[in-house]
Structures are given as structure tokens and as C-alpha cells.
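# Structural characterization, general
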Amino acid sequence: MLRSPILPLRLPRTHTTDCSGPKPKHQPATFTILNFAVNNVEEAVDELTKRGVRFEIYDQPDLKTDKRGIVRGGGPVIARFKDPAGNILSVLEER
């Protein structure tokens, strides 16, 4: 089984990162481009939802979420959301 390498990105809680602005003709990625490892996906989803993040809901044969956007079973516990440019990001529970 081929596994993608995971690059840890650790930012201090007080640090703010600015990304470049919109690009002409930008096409959002159709796959998850960045996973944020968290201790508890449910707590992360609750906190991010309070801050206005909307999680993706999937109801496909090979990908189903609960009503909060959390996938369980068949892999890590994960919840996906989109950044302002439409790219897919996620919170992923480390076990």
C-alpha cells in the first residue's frame, strides 16, 4: 500500500500566517491538500464550527460522514472543510 508522507506543521498558538491572495483562474484542488492533526476531531469540529467553519457532508458509496461532517471507520477519524479558495482541508485525529 502506497502511503503519502505527512509533513508536520507546528505553529505557536499566537502565530498568524498570511497566505497569498486570490490568483486569476485558480482551480481548487479536488483532494485534501492539508491535514491538521488534532487529539480529538469532535472537539476540533465543535470549536471550528463555533468560529464559522462549515464542514463538508458526504453521502457517497465509499465516503459517508455523520451530520457534523465526521468520517469514522475504514481509516482515521477525519472531518473536511474548504478554505476561502475552495481547497479541501481537514482535521485528522491522531491515534
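For the structure itself, consult the block above.
One structure accompanies this document, and this report is about it. Keep in mind it's a predicted model, so treat the numbers as computed, not measured.

## Topic: the pairing of strand β5 (residues 78-82)
Among the 5 residues of β5, 4 are classified as buried, and the element is accordingly described as predominantly covered. Two elements, strand β4 (residues 70-71) and β5, share 2 bridges in a ladder whose sense is antiparallel. Paired with Ile70 across the two strands is Ala79, which belongs to β5. Between β4 and β5, which follow one another and run antiparallel, lie 6 residues, and Gly73 among them has a positive phi close to 90 degrees. Strand direction decides the pairing type here: β5 and strand β6 (residues 88-93), joined by 5 bridges, are antiparallel. Bridged to Ile78 within β6 is Leu92. Turn length for the β5-β6 hairpin, with the two strands adjacent in sequence and antiparallel, is 5 residues, and the turn residue Gly86 shows positive phi of about 95 degrees.

## Remarks on the nonpolar core
The biggest cluster of nonpolar side chains holds 11 residues, and these are Val38, Val41, Ala44, Val45, Phe55, Ile70, Val77, Ala79, Phe81, Leu89 and Val91. Those elements that provide at least two residues to this core are α1 (41-50), β5 and β6. Counting residues per element, this core draws most heavily on α1, at 3 residues.

## Details of the sheet that holds β6
Strands belonging to one sheet form pairs held by backbone hydrogen bonds; the direction of such a pair is parallel or antiparallel. Taken together, the 4 strands give an open sheet; going across it, the order is β1-β6-β5-β4, and neighbouring strands pair in mixed fashion. Edge strands, defined here as strands with exactly one partner in the open sheet, are β1 (32-38) and β4. Those strands touched by α1 are β1, β4, β5 and β6, and its axis lies near 140 degrees from that of β6.

## As for the side chain of Glu93
Within the fold, Glu93 resides in strand β6. Residue class for Glu93 comes out buried when judged on its relative accessible area of 15%. At a separation of 3.0 Å, a polar atom in the side chain of Glu93 contacts the main-chain amide nitrogen of Val41.

Reading the values: the criteria
Residues numbered from 1 in each chain as written. Predicted model: local features only at pLDDT ≥ 70, side-chain atom pairs only at ≥ 80, totals over all residues. Heavy atoms only, no water. Buried < 20%, exposed > 50% of the residue type's maximum accessible area, 1.4 Å probe, protein only. Helix = DSSP H or I, 4+ residues; strand = E, 2+ residues; numbered from the N terminus. Pairing = 2+ DSSP bridges. Core = buried A, V, L, I, M, F, W, Y, C linked by side-chain atoms within 4.5 Å. Contact = heavy atoms within 4.5 Å. Axes fitted to C-alpha atoms, helices over the stretch in contact; angles between N-to-C directions. Polar contact = N/O pair within 3.5 Å; in protein donor to acceptor, adjacent residues only side chain to side chain.

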